[in-house]
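# Overview (structure and organization)
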Amino acid sequence: MSNIQITNKIKALSRITALVAILCLQLAGTRAYASGGQEEGKFNAGEMIVHHISDAHSIHFFGNVSLPLPCIVKTDKGFDFFMSSVFMDEHHEFTKKYTSDATGNTYELHHEKIYVVDPLEQHSENHVEEAIVADTIQLVTDSLAVIQPAEADAHAEGHEEFHGHQVLDFSITKSVFGMMLMLMLVLFLFTRMAKAYEKRKGQAPKGMQNMLEPFVLFIKDEVAIPALGKKRAQKFLPFMLTSFFFIWASNMLGLIPFLGGFNITGTLSITLVLAVFVFILTTINGNAHYWGHIVWPPGVPLAIKFILVPIEFLSIFIKPAVLMIRLTANINAGHIIILAFTSLILIFGEQSVVAGYGVGVFSTLFIVFMFFIELLVAFLQAYVFTLLAALYFGDATQEHHHEEAHH
Amino acid sequence: MDGLLSVSYGTVFWATVAFLVVAFLLKKMAWGPILKSLEERSQGIENALNEAERARQEMSKLQAGNEQLLREARDERDRILVEAKALKDSIVSEARSKATEESTRIIEAARVEIDNQKKAAITELKNQVASLSVDIAEKLTREKLSDSEKQKALNESLIAEIRSN
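Everything numeric here is computed off the predicted structure, so don't read it as measured data. (Residues numbered from 1 in each chain as written. Chains lettered and ligands numbered in written order. Predicted model: local features only at pLDDT ≥ 70, side-chain atom pairs only at ≥ 80, totals over all residues. Heavy atoms only, no water.)

A word on the overall build of chain A. Check the secondary structure of chain A and you find 11 helices and 11 strands. The buried share of chain A, reckoned over its 407 residues, is 43%. In the form shown here, chain A has an accessible surface area of approximately 21500 Å², with 68% of it arising from carbon and sulfur atoms. (Helix = DSSP H or I, 4+ residues; strand = E, 2+ residues; numbered from the N terminus. Buried < 20%, exposed > 50% of the residue type's maximum accessible area, 1.4 Å probe, protein only. Areas by Shrake-Rupley, 256 points an atom, 1.4 Å probe, with all protein chains shown as cover.)

Take the side chain of A:Lys305 next. Residues and elements named next belong to chain A. With respect to the element layout, Lys305 can be found in helix H10 (residues 302-351). Only 3.0 Å separates the side chain of Lys305 from the backbone oxygen of Val300, close enough to count as a polar contact. Aside from chain neighbours lying at most four places away, what touches Lys305 is Trp296, Pro297, Val300 and Pro310. (Polar contact = N/O pair within 3.5 Å; in protein donor to acceptor, adjacent residues only side chain to side chain. Contact = heavy atoms within 4.5 Å.)

This part takes up the pairing of strand E3 (residues 58-62) of chain A. All names here are of chain A. Summarising the sheet, E3 and strand E4 (residues 65-68) pair through 4 bridges and their orientation is antiparallel. Pairing of Phe62 across the sheet is with Val65, part of E4. Counting the residues in the hairpin turn of E3 and E4 gives 2 residues, including Gly63, whose phi is positive at 50°. (Pairing = 2+ DSSP bridges.)

Before going further, it helps to spend a moment on the sheet that holds strand E10 (residues 164-166) of chain A. Within a sheet, adjacent strands bond to each other through the backbone by hydrogen bonds, running parallel or antiparallel. Residue and element names in this part refer to chain A. Pairing is antiparallel across the open sheet formed by 4 strands, whose spatial order is E7-E8-E9-E10. Among the strands making up the open sheet, the edge pair consists of strand E7 (98-99) and E10. Sheet analysis places strand E9 (residues 113-117) next to E10, joined by 3 bridges and oriented antiparallel. Residue Val116 lies in a different strand from E10, and its bridge partner there is His165.

With that settled, the discussion passes to a positive patch on the surface. All names here are of chain A. Judged by side-chain charge, Arg192, Lys195, Lys199 and Lys206 come together as a positively charged surface patch. Checked against the element boundaries, Arg192 lands in helix H6 (residues 174-199). The class for Arg192 is partly exposed, based on a relative accessible area of 46%. (Patch = residues over 30% accessible without salt bridge, like charges linked within 9 Å, V, L, I, M, F, W, Y side chains within 5 Å. Salt bridge = Lys/Arg side-chain N within 4 Å of Asp/Glu carboxyl O. Lys, Arg positive; Asp, Glu negative; His and termini not counted. Charge placed at Lys NZ, Arg CZ, Asp CG, Glu CD.)

This part takes up unusual backbone geometry. All names here are of chain A. Of note, the phi angle at His111 is positive, near 50°, even though the residue is not glycine. Locating His111 in the fold gives a position in the loop between strand E8 (106-110) and E9. With a phi angle near 60°, Glu112 is a residue other than glycine that sits in the positive phi range. Here Glu112 lies in the loop between E8 and E9. Residue class for Glu112 comes out partly exposed when judged on its relative accessible area of 21%.

We now examine the packing of aromatic side chains. To describe a pair of aromatic rings, one takes the distance between the centres and the angle between the planes. A complete count under the given rule lists 28 aromatic pairs over all chains for this structure. Taken together, a centroid distance of 5.7 Å and an interplanar angle of 85° make the contact between A:Phe82 and A:Phe87 edge-to-face. Just as A:Phe82 is buried, A:Phe87 falls in that class too. An aromatic cluster is present here, built from A:Phe190, A:Phe215, A:Phe218, A:Phe244, A:Phe245, A:Trp248, A:Phe379, A:Tyr383 and B:Trp31 joined pairwise through their rings. (Phe/Tyr/Trp six-rings, centres within 6.5 Å; stacked < 30°, edge-to-face > 60°.)

We now examine the environment of A:Lys174. Residue and element names in this part refer to chain A. Structurally, Lys174 can be placed in helix H6. In this structure Lys174 comes out as buried when scored by relative accessible area, which is 8%. The residues touching Lys174, leaving out its near neighbours within four places in the chain, are Ser54, Asp55, Ala56, Ser58, Ile59, Leu69, Gly260, Gly261 and Phe262. For Lys174, the side chain forms a polar contact with the main-chain oxygen of Gly261, separated by 3.2 Å.

A few words now on the interface of chain A and chain B. Across the boundary between the two partners, chain A contributes 52 residues, which contact 35 residues of chain B. At the boundary of chain A with chain B, the tally comes to 3 salt bridges. For B:Glu40, the salt bridge identified is with A:Lys201, shortest N-O distance 3.3 Å. Inspection of the chain A/chain B interface yields 7 residue pairs in polar contact (both at pLDDT 80 or more). Breaking the side of chain A that touches chain B down by element, the ones donating at least two residues are helix H2 (45-53), helix H5 (149-157), strand E11 (168-169), H6, helix H7 (207-253) and helix H8 (268-285) of chain A.

All names here are of chain B. Applying the stated criterion across every chain, the model contains 12 salt bridges over all chains. Ionic pairing is found between Asp78 and Arg77, a salt bridge with its closest N-O pair at 3.3 Å. Residue class for Arg77 comes out partly exposed when judged on its relative accessible area of 49%. For Glu83, the salt bridge is made with Arg79, and the minimal N-O distance between the two is 3.0 Å. One end of the pair is Glu83 and the other is Arg79, both in helix H2 (residues 9-144) and 4 residues apart, which spans about a single turn. For Glu83, a relative accessible area of 46% puts it in the partly exposed group. Each of the salt bridges in this network shares a partner with another, and the network as a whole consists of Glu76, Arg79 and Glu83.

Residues and elements named next belong to chain A. The geometry of H7 relative to H8 is characterised by a closest axis approach of 12 Å and an angle of 170° between their N-to-C directions. Classified by the angle between their axes, H7 and H8 sit roughly antiparallel to one another. Every residue of H8 that contacts H7 at Lys235, Phe236, Phe239, Phe246 and Ile247 is listed here: Ile270, Leu274, Phe277, Val278, Leu281 and Asn285. Grouping the constituent residues of the contact of H7 with H8 by class yields 9 nonpolar, 1 polar and 1 charged. (Axes fitted to C-alpha atoms, helices over the stretch in contact; angles between N-to-C directions. Parallel < 35°, antiparallel > 145°, perpendicular 65-115°, else oblique. Nonpolar A, V, L, I, M, F, W, Y, C, P; charged D, E, K, R; others polar.)

A few words on the sheet that holds strand E6 (residues 78-83) of chain A. All names here are of chain A. Strand order in the open sheet formed by 3 strands is E6-E5-E11, with antiparallel pairing between adjacent strands. Strand pairing shows two members of the sheet lacking a second neighbour, E6 and E11, which therefore form its edges. Two elements, strand E5 (residues 70-75) and E11, share 2 bridges in a ladder whose sense is antiparallel. Among the inter-strand pairings, Lys74 is bridged to a residue of E11, identified as Leu168.

Next up, the structure:
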């Protein structure tokens, strides 16, 4: 009896501690966010939010502490490899230019994108005596930039004038790094789990194996088998389990404060890859029955077929695209809400300190609430992605017995 | 917002490579063995459950057999008891009847003996009485015959006595 009471007390205490910890992290996080988003003295909420959910070339922890990441870029002159720390100036801002020895290109980081500085401009910088000529050329380039949207983009966005074009960037960015980290974590956990099954053959699961097993069984018995049936599930289960655990782990990593603010599943390039895998698996495994329904829907009048076939054909691409958009949008939405409520504190704080603290209390409470929702969403989105992928696979590999229902 | 919704070739490239490599490794090193073990275990559990059910049925069958055996044994005992009782009764009654018969026989023999003895005793007594009476009569007669009168009276009384006999 007393044991239970003590356990309950400990539970309650740990809950309170966790809550206080989250509050503290939030308040501290607010300061970190502020330092990241502030430019020209005035706080810009939109810029700060986009900055925090966008991919980056370094992992920013707090204040001046950040981890540089390797940059791999390709230009006409070949590949260049360097760390993103080459851009860092004495104020720990990424404003410095970097000239590569291998290719002679000069690179610049602008809004987390690497640009190669045009040789023409570099030329004008190096030789002051030709400045007038360079100015003329610059004027021409400026006017050209209005016509050429690719260069105009870079121009219009910048706070300072600069001329350059984007390079083919194969850098290990924050999201790529985070993705590799999470894939490694999943690989590590599940190879260990597999070893545990071999070592403890025929025994009850224990430890990590016991913790992960319900989730594996959940995907197997509640997602794969209902959608695909026992036999076909075997074929798609490895992909489904990998995507489920990768997405879940990535979503969770994005929720940990002070860990670089990863936004892996909120990066469109990464969800695109996942969606493309679903598309490829659906397409190459689609049987005659599946394609038959697309190119010649049975039991439909001829006139309707002309409308239906293009829709069916488009749906092949729309289905995986929806997976991609849903995942990215959900994860970003959560981050944006949390960041927006953080910004609210700063916006009111700029008006008056009292208002800042007043709003801070409510914002923080709401952010805590949002964090719990996000924990749920992290799992839910991984589940939804896997479930829908399973349904698409099931649709593509469905056997003929359903055809009778159409006639 | 263009940083958010744009697709970077480099990220796509690395994501594809990383995912493919890890998915392949996981399939070979993790999902294969894990799913196999899970399948084996669920099969094992199912087998064990079936086995237990079978054992339970066997047990109940055995129990039913035991009960049957017990009942039979009880019946047998009852039967034997009844038989023994009957046997005892019959033995007792036989013994009793035999004893009765024997005692009757002995009593009968005793009575016959008693009768015989009695007859013998009576005969002897009669003989003795007869001889005594003859003696007495002789003495009396001798006295009576001394007087004719008395002789006569005696004759008459004797005749009367014989006649009354």
